[in-house]
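Given next are the chains, with one letter for each unit.
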Amino acid sequence: MMAWAAEGRHLLSIDDLGREDIQRLLTRAESFAEVSGREIKKVPTLRGRTVINLFYESSTRTSASFELAAKRLSADLLNIKSVGSSVDKGESLKDTVQTLSAYDPAAIVIRSPNAGAAQMVSRWTTASVINAGDGKHEHPTQALTDLYTLRRRVGSLEGLKLWIVGDVLHSRVARSGILAFVRMGCEVTVCGPPTLIPRGIEALGCAVRHTLDELADADVVYSLRMQLERMQGTYVPSLREYAALYQIDSRRLTPTQLLMHPGPVNRGVELDARVIDSPQALIVDQVESGVVVRMAVLFELLAGGGRGARNATEQEPQPA
Ligand code: ASP
């Protein structure tokens, strides 16, 4: 659908992907899981291609997994962070992208505090652009990682009941997640204080609750971080009161429910330490899955056919 299959081959939003696109990506990621299990975790697929990670915002998991994904596909990788680059000197996003495009990258992975940044970058470069999080708008590769992680644990996602709990308002993970989980047949409910649930979010296909009273209905509880860095003003009386009403702890999480969180976790705020470290938590699995899912995204964009596939000779993962 849309940009995924169109001329530009970018991944800007989950809306770029139809259900079949998602299935294909998840299956591709599974094939890379086999590679990740080998001692030498490398295939030559993107040899000679350049991937640029352009991160204007803090990141641990997303930047590390894109870096590992590009390296495991044998691409040449450039990591540019706003701190320490000419962005520090006031260079605009457009000038930075045009400068980096002179190195003829096959892909630019962009994280920005501004919604719509990835979309803009896609207009300024001939590289495939991957949105690694744009403000509170979207984080499509996180959603794909979450689908992959959950599918590995439970099999089919059809009819699965998922509650997304917490700071939905500031969460790009929630937005991409709702779109992706609904597309794959899950029943999604978002839950949080009214101040942290965007008005009209039901239009994305989810239900809304403001208390955890019916949390036991969920098969999966997806907890979100309180994103204090995006809050201008006061959204909850205090973190303590927020935790009293919305923290997921071992009283609220039933023994058969699964727990997810995109990280980083604020221990003792949205999650109690005991549930984080419980076998019900898929949080570490989500991190692990991030690499193979991002390998699949890079593969599909750069070697899976279309304009972005120029020079790609290996279509299937082969031992390096
Ligand atoms: N790591 C995720 C993101 O970049 C979630 C978070 O920061 O809370 O959006």
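Structure shown above.
All of the points below concern the structure found in this document. Only a predicted model underlies this, so the values are computations on that prediction, with no experimental measurement involved.

### As for the overall build of the protein
What the protein contains, in helices and strands, is 10 helices and nine strands. In summary, the protein has a C-alpha radius of gyration of 19 Å against a globular reference of 20 Å for 320 residues, a match within 12%. Projected onto its principal axes, the C-alpha coordinates of the protein cover approximately 55 × 45 × 35 Å. In the protein, which comprises 320 residues, the share counted as buried stands at 57%. Considering only residue pairs separated by 6 or more positions, the protein has 73% of its internal contacts joining residues 24 or more positions apart. When the accessible surface of the protein is totalled, it reaches about 13700 Å², and 51% of it is carbon and sulfur. Put simply, the protein has 37 plus and 37 minus side-chain charges, and the middle of one group is 3 Å from the middle of the other.

### Digging into the nonpolar core
One finds Phe 32, Leu 144, Leu 147, Leu 150, Ile 164, Val 190 and Leu 298 to be the most contacted residues of the largest nonpolar core, which totals 64 residues. Trp 163, Val 236, Leu 259 and Val 275 belong to the second largest nonpolar core, which has 22 residues in total.

Here is what the cut-offs are and how they apply
- Residues numbered from 1 in each chain as written.
- Predicted model: local features only at pLDDT ≥ 70, side-chain atom pairs only at ≥ 80, totals over all residues.
- Heavy atoms only, no water.
- Helix = DSSP H or I, 4+ residues; strand = E, 2+ residues; numbered from the N terminus.
- Rg over C-alpha atoms; globule rule 2.2 N^0.38 Å.
- Buried < 20%, exposed > 50% of the residue type's maximum accessible area, 1.4 Å probe, protein only.
- Contact = heavy atoms within 4.5 Å.
- Areas by Shrake-Rupley, 256 points an atom, 1.4 Å probe, with all protein chains shown as cover.
- Lys, Arg positive; Asp, Glu negative; His and termini not counted.
- Charge placed at Lys NZ, Arg CZ, Asp CG, Glu CD.
- Core = buried A, V, L, I, M, F, W, Y, C linked by side-chain atoms within 4.5 Å.

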